Amino acid sequence: MTDRRAARAKIVVRDLWMTFKSPDKRKPSVHVLEDINLEILDGEFVCIVGPSGCGKSTLLNIAGGFLQATAGEVRIEDKVVTEPDPRHIFIFQENGVFPWLNVEDNVGFGVKRPNPAERAKLVEHYVEMVGLTGFGNTFPRELSGGMRQRVEIARALAAEPDVLFMDEPFGALDYLTRLRLRAEVMQIWQRERKTVMFVTHDVDEAVQLADRVVVMGKRPSRIRDIVTVDVSRPRDLDDPECRRLRDHIFGVMGLDHSGLATEVQGVDAAEEDEGGKVVNINDRR
Amino acid sequence: MRAKLESVLLPLAVAFVFVAVWHFAVRWTGSDIFPTPRQVLTGTWELARQGVLFKYVVASLFRVATGYLAAVFVGIPLGLLMGWFNRFRLALNPAIQVLRPISPIAWIPVAILWFGVSDAAPIFLIFLASLFPITVAAMAAVQNIQLVYIRAARNFGIGGLELFKKVVLPAALPQILTGLRLALGVAWLVVVAAEMIAVNSGLGYLIIDARNAGKRYDLVVAGMAMIGLIGLGLDVLVRRMETLDEVRWGLSR
């Protein structure tokens, strides 16, 4: 872990506030994020957990350049984020793999290398890395949800980014597929050492994956705690340290690990924060 | 294998029953105007031998192809722009929604006024009839594109015209294709109506001419049968396009 201390901050979130104004003037604005400050080191894997609707996805969308913060800023390598950047690739929960392209063309979509041979090699490399060798000519419609999410991960990696934003990337998958993809993502990260910001509402997932877990509270959210997970990988969730950290995180969120509230009324089970997903269709240009 | 056999045999059985009922209905009613299936067949053969059938089919198809392709080249870009640019849609959509419900048949007098009795009149009518379904389909297709595709593409640094070519068009294609199929059906309906009034050739003209010049109902029905068969052929053609991998993902079937 000494190398991590030596690394410098890759992503800096400074005094970030986010308020969504309702298009209907009679309805009040929604305060989502309050005074978020966070530094993520180069090559670090950081998970952001919090109850549904807490704005963790909004934070990720701001860092990805898809949303503008109300106040404050996110800097990546000292450059203020204002728009999406091919060096920082976003992986979507709802799967952004293009259904009209086969696996190979999807993975090659963001490849910047002009040389066709290099390009093909890169595509092949990442198709293999996510275990889809032999599926190059297959169309997404013929793949399972887990395989499609693998294609999206390969596509992101093939663009050779230095930051990956993952917004509940396994949220739509069944439990066993989720477990397997988690392990695979860990292996890939250990080889590639990208800086990863990973949003999830699954505390187990966060503890298993992250160098540090950022715990957020109910809306309007502040960062309630940042937990360092100093357990060697691959991690066993039954490891006493993992269990202790998990219970601690649940405690910070105001829940015991069975999901029962330990303070006030617990979290409201409002629908997942729609931060990035309700961008007006006309703002997408 | 069995399903395939059924998909051929069942329609054939229905056709056989239909023709049989038709035959006996004409026989029993003793009609000497309405033709039996056999008379229609000999009528068709007569038209084919004279070379009229081929000429008229080509004339009709040529008009449909010209008017329809013109509508494709105008309607798809127009619809894409209307789907993408809010201002464009706000400006043009009301005009399109007013023109759309006007039956192409209602334009026939206007077409004759503008173009006289020439190929241009039916071509114009077919253009109009296909333009609206194509434009509206393309517009709706763009509006229905899942935001995640646009965002992913922008993340990879794709913008402007390239975004249109690589993402907007392929994402909209399945729904556009559905519009194209609909429009082709309408175009084929309209050409017959237009030819009955505005020109002196084509399958529509064949029908009206056979009736006016000597009540040749065998030729009327022959013309109708040709129209049906060619319509079926056009639909099969478009449906074949719908099985391509590039669009199949977006079609329910």
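All values derive from a computational prediction rather than experimental measurement. (Residues numbered from 1 in each chain as written. Chains lettered and ligands numbered in written order. Predicted model: local features only at pLDDT ≥ 70, side-chain atom pairs only at ≥ 80, totals over all residues. Heavy atoms only, no water.)

Student: A description of the sheet that holds strand β4 (residues 71–76) of chain A should follow, citing residues and the corresponding values.
Tutor: Residues and elements named next belong to chain A. Pairing in this open sheet of 4 strands is antiparallel, and the strands run β2-β1-β4-β5 from one edge to the other. The strands lining the two open edges of the sheet, one partner per strand, are β2 (30–41) and β5 (79–80). With 8 bridges joining them, strand β1 (residues 9–20) and β2 adopt antiparallel strand pairing. Across the sheet, residue Phe20 finds its bridge partner in β2, namely Val30. Sheet contacts for helix α2 (residues 56–63): β1, β2 and β4; angle to β1, the most-contacted strand, approximately 120°. (Pairing = 2+ DSSP bridges. Helix = DSSP H or I, 4+ residues; strand = E, 2+ residues; numbered from the N terminus. Contact = heavy atoms within 4.5 Å. Axes fitted to C-alpha atoms, helices over the stretch in contact; angles between N-to-C directions.)

Student: Residues and numbers for the packing of helix α4 (residues 86–99) of chain B against helix α6 (residues 120–143) of chain B, please.
Tutor: Residue and element names in this part refer to chain B. Axis separation between α4 and α6 bottoms out at 11 Å; the angle between their running directions is 140°. Regarding the angle of α4 to α6, the classification is oblique. Relative to α6, α4 is oriented so that their crossing is left-handed. In this structure, α4 uses Arg89, Asn93, Ile96, Gln97 and Leu99 to contact α6, whose residues at the interface are Phe132, Thr135, Val136, Met139 and Gln143. (Parallel < 35°, antiparallel > 145°, perpendicular 65-115°, else oblique. Left-handed = near helix turned anticlockwise from the far one by under 90°.)

Student: Lay out the environment of Thr177 of chain A in plain terms, naming residues and giving numbers.
Tutor: All names here are of chain A. Among the secondary structure elements, Thr177 is positioned in helix α6 (residues 175–192). Take Thr177: its relative accessible area is 17%, and that puts it in the buried class. Considering only alpha carbons, one finds Thr177 and Gly145, 32 residues apart in sequence, at a separation of 8.8 Å. Reaching out from Thr177, the side chain makes a polar contact with the side chain of Asp174 at a distance of 2.6 Å. (Buried < 20%, exposed > 50% of the residue type's maximum accessible area, 1.4 Å probe, protein only. Polar contact = N/O pair within 3.5 Å; in protein donor to acceptor, adjacent residues only side chain to side chain.)

Student: Break down helix α5 (residues 145–158) of chain A for me, citing the residues and quoting the values.
Tutor: Here α5 of chain A spans 20 Å end to end across 14 residues, near enough to the 20 Å set by a 1.5 Å rise per residue. Extensive coverage of α5 of chain A is indicated by the burial of 12 of its 14 residues. Of all the residues in α5 of chain A, the buried ones are Gly146, Met147, Gln149, Arg150, Val151, Glu152, Ile153, Ala154, Arg155, Ala156, Leu157 and Ala158 of chain A. Buried residues in α5 of chain A make contact with β6 (88–91), α3 (103–108), α4 (116–129), β7 (163–167) and α6 of chain A together with α7 (147–155) of chain B. Among the residues trailing α5 of chain A, Glu160 of chain A stands out with phi positive, at a value near 50°. (Expected span 1.5 Å × (residues − 1).)

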